[in-house]
Amino acid sequence: MAYFPDVSKIEYEGPDSKNPLAFKHYNPDEVVDGKTMKEHLRFSVCYWHTFRGTGVDPFGAPTMIRPWDDGTDSLDNALRRVDVAFEFMEKLGVEFYCFHDRDVAPEGPTLAETNANLDKVVAHMKQWQQQTGIKLLWGTANLFSHPRYVHGAATSPNADVFAYAAAQVKKAIEITQELGGQNYVFWGGREGYHNLYNTDMKRELDHLARFMHMAVEFAKSIGFTGQFLFEPKPKEPTKHQYDFDAAACINFIRTYGLEDYIKLNIETNHATLAGHTMMHELTYASIQGFLGSIDANTGDLLLGWDTDQFPTDVYLTTQCMLVILNQGGLAPGGVNFDAKVRRESFEPIDLFYAHIGGMDAFARGLKIAAQIRKDGVLTDFIKKRYRSFDEGIGKKIEEGTVTFADLEKYMLEKGNPDPNESGRQELLENIINEYI
Ligand code: XLS
Ligand code: NI
Ligand code: NI
């Protein structure tokens with residue numbers, strides 16, 4: 001049975017094609033900078049927005065037309081959605097997908113029944129993976145939708161809720177392993193606070209760290225070798241999320257001795273909410289060896305919430321790919337479209353347009369970034385800008401062989417520093433424009 005009867009496999013037709021159901025730039029086997037595009041980009045479809053998104057918003061009812069979905073939480077409906085998902089991903093030509101445990105299977109009245117539901121759906125997903133070759137980029141657990149998580153999960157003041165969340169994550173790691181998942185993501189969900197009058201921040205952070213240590217220990221005990229990833233987000237649903245931004249997450253990871261086990265999954269819209277650019281977040285994580293994977297979406301700069309739109313801005317994708325290429329790639333991470341079609345884009349075909357656009361935007365970003373790097377446009381400039389640290393006093397400063405007293409003596413003798421040089425920001429912006 002075909003759920004998208006009007007769509008056949010999406011092919012690369014090149015930049016001159018006018019076919020809206022073809023790639024203009026994403027050519028999976030084309031080699032760019034030593035690797036194929038698909039090796040660089042490792043695209044992933046997210047299950048929650050694409051197969052569970054209904055279009056509901058705080059002001060209105062669901063709008064999405066999904067002929068295959070009967071709107072119930074039955075196991076049959078869940079199994080059918082898997083068929084839809086794999087048909088979609090196969091036609092789109094993505095290699096990976098991601099899901100939360102509760103996206104794919106319904107909760108039952110008890111944890112045992114919930115787990116049994118999950119096992120049935122996971123077996124079905126595994127079959128589809130074997131049949132299509134599509135792989136699991138990462139698994140995760142939904143620790144935020146159910147009312148039991150009203151005060152958080154690992155940071156709940158209720159120890160039983162912590163225990164329930166632990167049981168849920170244990171199972172989520174097991175199914176991620178069962179499906180050959182290459183990573184496992186922790187996104188804070190409701191791990192944060194609305195008001196400090198009722199919050200013991202120290203205890204909550206200690207609990208979150210204990211939770212992650214237990215997850216890491218459990219993964220070791222079953223031989224799960226996937227990479228753990230922590231996903232920063234500054235706010236929403238809580239007023240302050242503990243995984244605020246890359247800097248806060250890295251500080252948390254290091255403070256609690258988790259640096260050997262956890263990297264970051266950086267999401268564009270979350271960077272924006274934190275008052276950063278995506279390029280800032282990626283660079284900050286990457287220079288410290290913590291950039292593991294990305295959630296490729298974008299926000300609306302005029303709206304203050306997580307709109308999770310598909311990325312279409314080629315400047316944005318170029319900046320992402322500059323940082324990713326600089327660190328030699330993302331694997332075992334990838335480019336996950338944690339993005340949803342707009343409430344007004346309610347037809348099934350819109351799911352294809354959205355993903356094709358995102359994939360093409362990243363393919364262009366990849367090609368442009370590779371050319372910028374090849375021509376050394378930015379790297380040469382930056383290298384030259386810092387050349388005073390390559391020799392003389394600068395070299396000694398970097399090597400740590402001079403003291404404040406030495407530098408005072410140096411400057412007293414020299415009198416004044418060498419003159420500064422222009423930063424040439426506008427020139428560089430103009431040059432980048434020539435590549436876009
Ligand atoms: C929500 C997050 C979430 C994570 C996975 O804003 O982006 O979707 O990626 O739990
Ligand atoms: Ni995300
Ligand atoms: Ni988000």
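As the structure is a prediction and not an experimental result, all values here were calculated from the model. (Residues numbered from 1 in each chain as written. Chains lettered and ligands numbered in written order. Predicted model: local features only at pLDDT ≥ 70, side-chain atom pairs only at ≥ 80, totals over all residues. Heavy atoms only, no water.)

Colleague: Even after reading the chapter, I still don't get the state of the cysteines, so can you show me in this structure?
Modeller: Linking two cysteines covalently through their sulfur atoms gives a disulfide. Here the structure, examined in full by the defined rule, presents zero disulfides. No disulfide involves C249; its nearest neighbouring cysteine sulfur is the one of C320, lying 17 Å away. (Disulfide = S-S within 2.5 Å.)

Colleague: What is the right way to read helix α10 (residues 278-287) from this model?
Modeller: An α-helical turn contains 3.6 residues, so any two residues separated by three or four positions project in the same direction. For α10, the set of buried residues is M278, E281, L282, A285 and S286. With its buried residues spanning 120° around the axis, α10 presents them on a single face. Those residues of α10 hidden inside the fold are in contact with α8 (246-255), β12 (262-267), α9 (268-273), β13 (291-295) and α11 (314-326). A positive backbone phi angle near 80° is found at G289, which sits one or two residues after α10. (Buried < 20%, exposed > 50% of the residue type's maximum accessible area, 1.4 Å probe, protein only. Helix = DSSP H or I, 4+ residues; strand = E, 2+ residues; numbered from the N terminus. Arc of directions from axis to C-beta. Contact = heavy atoms within 4.5 Å.)

Colleague: Looking at this structure, how should I read the site of ligand 1?
Modeller: Inspection of the region around ligand 1 gives W48, H100, W138, W187, E231, K233, E267, H270, D295, D306 and D338 as its neighbouring residues. At 2.8 Å from an oxygen atom of ligand 1 is found a side-chain nitrogen or oxygen belonging to E267. Between an oxygen atom of ligand 1 and a side-chain N or O atom of D295, the distance comes to 3.0 Å. (Near = heavy atom within 4 Å. Polar contact = N/O pair within 3.5 Å; in protein donor to acceptor, adjacent residues only side chain to side chain.)

Colleague: In this structure, what is going on with helix α3 (residues 75-92)? I would like to understand it.
Modeller: The end-to-end C-alpha distance of α3, which contains 18 residues, comes to 26 Å, matching closely the 26 Å that a straight helix rising 1.5 Å per residue would cover. In terms of burial, α3 is a largely internal element, 13 of the 18 residues being buried. Directly after α3, the chain includes G93, whose backbone phi takes a positive value near 80°. (Expected span 1.5 Å × (residues − 1).)

Colleague: Before we go on, may I ask you to explain the nonpolar core in this structure?
Modeller: Taken as a class, soluble globular proteins show a tendency for nonpolar side chains to be buried jointly. Membership of the largest hydrophobic core comes to 111 residues, with the highest contact counts inside it found for L92, Y97, F230, L264, I294 and F362. The element contributing the most residues to this core is helix α12 (residues 348-374), with 12 residues. Setting aside its immediate chain neighbours within four residues, F362 contacts L41, F43, I294, A296, P311, T317, C320, M321, V335 and F337. (Core = buried A, V, L, I, M, F, W, Y, C linked by side-chain atoms within 4.5 Å.)

Colleague: Would you take a moment to explain the coordination of the nickel ion (ligand 3) for this structure?
Modeller: Think of it this way: four donors in a tetrahedron around the metal ideally sit 109.5 degrees apart, and six in an octahedron ideally sit 90 or 180 degrees apart. Coordination of the nickel ion (ligand 3) by the protein involves E267 (OE), H270 (NE2) and D306 (OD), with metal-donor separations of 2.0 to 2.2 Å. Each donor residue of the nickel ion (ligand 3) belongs to the same chain, with the gaps between them written as E-x2-H-x35-D. (Donors = N, O, S within 2.8 Å, 3.2 Å for Na, K, Ca; no water.)

Colleague: Just to check I follow, could you spell out the coordination of the nickel ion (ligand 2) for this structure?
Modeller: Only E231 (OE), E267 (OE), D295 (OD) and D338 (OD) from the protein coordinate the nickel ion (ligand 2), and they sit 2.0 to 2.1 Å from it. For the nickel ion (ligand 2), the six donor atoms are set out with angles of 81 to 175° between them, so the coordination reads as octahedral. Look at where the donors of the nickel ion (ligand 2) fall in the sequence and you get E-x35-E-x27-D-x42-D. In this model, the nickel ion (ligand 2) sits 4.2 Å from the nickel ion (ligand 3), the two metals being bridged by E267. With a gap of 64 residues between them, E231 in strand β10 (residues 227-231) and D295 in strand β13 connect regions that are remote in the sequence. Pair check on accessibility: E231 and D295 agree, each one buried. (Tetrahedral: all angles 85-135°; square planar, octahedral: opposite > 155°, others 65-115°.)

Colleague: I'm lost on the environment of K395 in this one. Help?
Modeller: By secondary structure assignment, the location of K395 is in helix α14 (residues 392-399). Classification of K395 by relative accessible area gives partly exposed; the value is 41%. When sequence neighbours within four positions are dropped, the list of residues in contact with K395 reads S388, F389 and D390.

Colleague: Help me understand the sheet that holds strand β8 (residues 183-187) in this model?
Modeller: For sheets, the rule is that strands pair by backbone hydrogen bonds, running either parallel or antiparallel. Strands sit in the order β5-β6-β7-β8-β10-β12-β13-β14 around a closed barrel of eight strands; the barrel is parallel. Neighbour-to-neighbour, the strand axes of this sheet turn through a mean angle of 30°, independent of strand direction. Bridging between β8 and β10 involves five bridges; their strand directions are parallel. In the sheet register, V185 faces β10, and the bridge partner there is L229. (Pairing = 2+ DSSP bridges. Axes fitted to C-alpha atoms, helices over the stretch in contact; angles between N-to-C directions.)

Colleague: What is the right way to look at the packing of aromatic side chains in this model?
Modeller: Two measures describe an aromatic ring pair: the distance that separates the ring centres and the angle between the ring planes. According to the stated counting rule, one finds 23 aromatic pairs in the structure shown. Between F4 and F352 the ring centres are 5.2 Å apart and the planes differ by 85°, which places this aromatic pair in the edge-to-face class. With F4 in the segment before β1 (11-12) and F352 in helix α12, this pair connects stretches of sequence that are 348 residues apart. Judged by its relative accessible area of 3%, F4 falls in the buried class. Overall, the relative accessible area of 0% leaves F352 in the buried class. Each ring, one from Y193 and one from Y242, has its centre 6.1 Å from the other, and the planes form 50°; the classification is tilted. Of this pair, Y193 sits in strand β9 (residues 192-193) while Y242 sits in the loop between β11 (240-241) and α8, and the two are 49 residues apart along the sequence. By the burial criterion, Y193 is buried, and Y242 matches it. Taken together, the ring pairs connect F4, Y47, F51, W68, F88 and F352 into an aromatic cluster. (Phe/Tyr/Trp six-rings, centres within 6.5 Å; stacked < 30°, edge-to-face > 60°.)

Colleague: What exactly am I supposed to notice about a nonpolar patch on the surface here?
Modeller: Taken together, the side chains of I382, Y386, F389 and I397 make up a nonpolar region of the molecular surface, amounting to roughly 370 Å² of accessible area. Among the secondary structure elements, F389 is positioned in the loop between α13 (377-385) and α14. (Patch = residues over 30% accessible without salt bridge, like charges linked within 9 Å, V, L, I, M, F, W, Y side chains within 5 Å. Areas by Shrake-Rupley, 256 points an atom, 1.4 Å probe, with all protein chains shown as cover. Salt bridge = Lys/Arg side-chain N within 4 Å of Asp/Glu carboxyl O.)

Colleague: Sorry if this is basic, but what is going on with the side chain of R81 here?
Modeller: With respect to the secondary-structure elements, R81 resides in helix α3. Of the polar contacts made by the side chain of R81, one reaches the backbone oxygen of T72; its length is 3.5 Å. When residues no more than four places from it in sequence are discounted, the contact partners of R81 are Y47, F51, R52, D69 and T72.

Colleague: Sorry, what's going on with the pairing of strand β6 (residues 96-100) here?
Modeller: Regular strands show a simple pattern: their side chains alternate between the two faces of the sheet. Among the five residues that make up β6, five are buried, leaving the element largely enclosed by the rest of the structure. Every second residue of β6 is oriented toward a common face, with F96, C98 and H100 on one face and Y97 and F99 on the other, all of them buried. Pairing geometry for strand β5 (residues 43-46) and β6, over three bridges, is parallel. When the sheet's bridge partners are listed, S44 is paired in β6 with F96.

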